[in-house]
Amino acid sequence: MKLPHDSMQGTLLAGTALTLVLYLVVRTLV
Amino acid sequence: MDMAFVDHLMRWFHLIFALVWVGHNYASFVQHPRYKPFNEETSEQARTAALEVRMQREHGTFRYASIVVWCSGMGMLWYRGWLADALTLNGAHAVIGMGAWIGTLMMLNLWLIMWPHQKKVLGFEPAPLEERVRCSRITFLASRTNTILSIPLLFFMAAGGHGLQLFM
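Residues numbered from 1 in each chain as written. Chains lettered and ligands numbered in written order. Predicted model: local features only at pLDDT ≥ 70, side-chain atom pairs only at ≥ 80, totals over all residues. Heavy atoms only, no water.

**Considerations on the overall build of chain A**
How we decide: Helix numbering and strand numbering both begin at the N terminus, where a helix is a DSSP run of H or I of at least 4 residues and a strand a DSSP run of E of at least 2. Think of it in three bands: with a 1.4 Å probe and only protein chains considered, a residue is buried below 20% of the maximum accessible area for its type, exposed above 50%, and partly exposed in between. The accessible surface values rely on the Shrake-Rupley method and a 1.4 Å probe; as for residues, cover is taken only from the protein chains in view.
Broken down by element type, chain A carries one helix and zero strands. For chain A, the spread of C-alpha atoms along the principal axes amounts to about 35 × 15 × 5 Å. With 30 residues in all, chain A has 33% of them scored as buried. Summed over its atoms, the accessible surface of chain A is roughly 1900 Å², and 76% of this surface lies on carbon and sulfur atoms.

What follows is the structure in structure tokens.
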């Protein structure tokens, strides 16, 4: 199975997407 | 020595050792953008006693750097009296708390998932070829997981100090 980790772009994209999701989560907590 | 100075030392150490640890991860990310299974032929040909010593030092350095980073981070939160609120993601401390949790995951990933497998890939612990190939995949994914996690971690760390208005 190919994972985001398997390419440089995928890794950076996964990190950015995760940042956005967690930002929205934390914003509801603050 | 007053506690404010100790707090500053912790901040300083936190930054230096985070650079050592995550800088190592980024170097690996740039050098190996894609997964290549462990190859006994090329790997064992290049292996020398000097290389082994260098690899041991390199891996030990960033592994122990992660502990300094974690302890200094938790220490700073404790000194401010924010530790409980940060770890329970309570109110404004949820911002740095999310950073602390991601950092904790990264350290656990490094010590409990990456390192036990990496030892076999690098030959620090004897293992049959098949096992070394399997471990090289796990090590690669664990390492890149930390690369991915470092991106939101740095966002929350920077936001905790300088960008709280983003969350209001």
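**Section: the layout of surface pockets**
Residues and elements named next belong to chain B. In plain terms, the rule: A pocket here means an open set of points on a 1 Å grid, computed over the protein atoms alone, that has protein on both sides within 12 Å along at least five of seven lines. A cavity is instead a set of points where a 1.4 Å probe fits but cannot get out; residues with an atom within 4 Å of a point line either one. Grid points are joined across faces, edges and corners, and a volume is the space filled by probe spheres set on the points. For this classification, Asp, Glu, Lys and Arg are treated as charged, while Ala, Val, Leu, Ile, Met, Phe, Trp, Tyr, Cys and Pro are nonpolar and the rest, including Gly, are polar.
Within this model, the largest pocket holds a volume of roughly 1000 Å³. Around the largest pocket sit 34 residues that line it, and Ser28, His32, Gln118, Val121 and Leu122 are the ones nearest its centre. Its residues assigned to classes, the lining of the largest pocket shows 15 nonpolar, 14 polar and five charged. If you add up the space inside the second largest pocket, you get close to 850 Å³. Those elements that place two or more of their residues in the lining of the second largest pocket are α1 (3–31), α3 (49–80), α5 (94–121) and α6 (129–162). Ranked by residue count, the leading element in the lining of the second largest pocket is α1, at nine residues. The residue inventory of the lining of the second largest pocket, partitioned by class, reads 21 nonpolar, 11 polar and two charged.

**Some thoughts on α5(B)**
Residue and element names in this part refer to chain B. Stated precisely, the cut-off is as follows: To estimate the expected span of a helix, subtract one from its residue number and multiply by 1.5 Å. One axis fitted to the seven residues ending at a residue, another fitted to the seven starting there: the angle between these axes is the bend at that residue.
Helix length check: α5, at 28 residues, gives a terminal C-alpha distance of 38 Å against a target of 40 Å (1.5 Å per residue), a fit within 8%. Approximately 45° is the largest bend angle found in α5, and it occurs at methionine 114, with the proline proline 116 only one to four residues beyond. One or two positions beyond α5, positive phi appears at glycine 123, with a value near 80°.

**Looking at the interface of chain A and chain B**
Quick note on the threshold: Every residue pair with non-hydrogen atoms within 4.5 Å of one another is taken to be in contact. A 1.4 Å probe defines the accessible area here, and the buried area is the portion of it lost by two parts on being joined, summed over both. Salt bridges are identified by distance alone: a Lys or Arg side-chain nitrogen within 4 Å of an Asp or Glu carboxyl oxygen.
Each side of the interface is counted separately: chain A has 19 residues, and chain B has 27 residues. In this assembly, chain A packs against chain B so that about 2000 Å² is buried in total across both faces, 77% of it on carbon and sulfur atoms. When the area that chain A buries against chain B is broken down by residue, the three leading residues are A:His5, A:Met8 and A:Val30, summing to 29%. Counting every contact that joins chain A to chain B gives one salt bridge. Residues that form the side of chain A that touches chain B fall into these classes: 11 nonpolar, six polar and two charged.

**Concerning the pattern of salt bridges**
Residues and elements named next belong to chain B. Evaluation of the coordinates by the stated rule reveals six salt bridges over all chains. When the shortest N-O distance is used, the salt bridge between lysine 119 and glutamate 125 registers 3.8 Å. The partly exposed category is assigned to lysine 119, whose relative accessible area is 24%. For glutamate 125, a relative accessible area of 30% corresponds to the partly exposed category. A single salt-bridge network, built from bridges that share partners, covers Lys120, Glu131 and Arg134.

**Some thoughts on the packing of aromatic side chains**
What describes a pair of aromatic rings is the distance from one ring centre to the other and the angle between the planes of the rings. All names here are of chain B. Selection criterion: Side-chain rings of Phe, Tyr and Trp (the six-membered ring for Trp) are treated as a pair once their centres are within 6.5 Å; stacked means planes under 30 degrees apart, edge-to-face means over 60, and tilted covers the remaining angles. Cation placement over rings: the criterion is NZ of Lys or CZ of Arg within 6 Å of the ring centroid and within 35° of the ring normal.
Enumeration over the complete set of coordinates arrives at 10 aromatic pairs over all chains. Taking 6.0 Å as the distance between ring centres and 40° as the angle between the ring planes, the aromatic pair formed by tryptophan 12 and phenylalanine 13 counts as tilted. What makes tryptophan 12 partly exposed here is its relative accessible area of 47%. The class of phenylalanine 13 is partly exposed, set by a relative accessible area of 37%. A centroid spacing of 5.9 Å and a plane angle of 70° characterise the contact between phenylalanine 13 and phenylalanine 17, whose relative ring orientation is edge-to-face. With phenylalanine 13 and phenylalanine 17 both in helix α1 and four residues apart, this pair spans about one turn of that helix. Above the ring of tryptophan 82, the side-chain terminus of arginine 80 is found at 5.8 Å from the ring centroid. Positioned above the aromatic ring of tyrosine 35, the side-chain terminus of arginine 137 is 4.9 Å from the ring centre.

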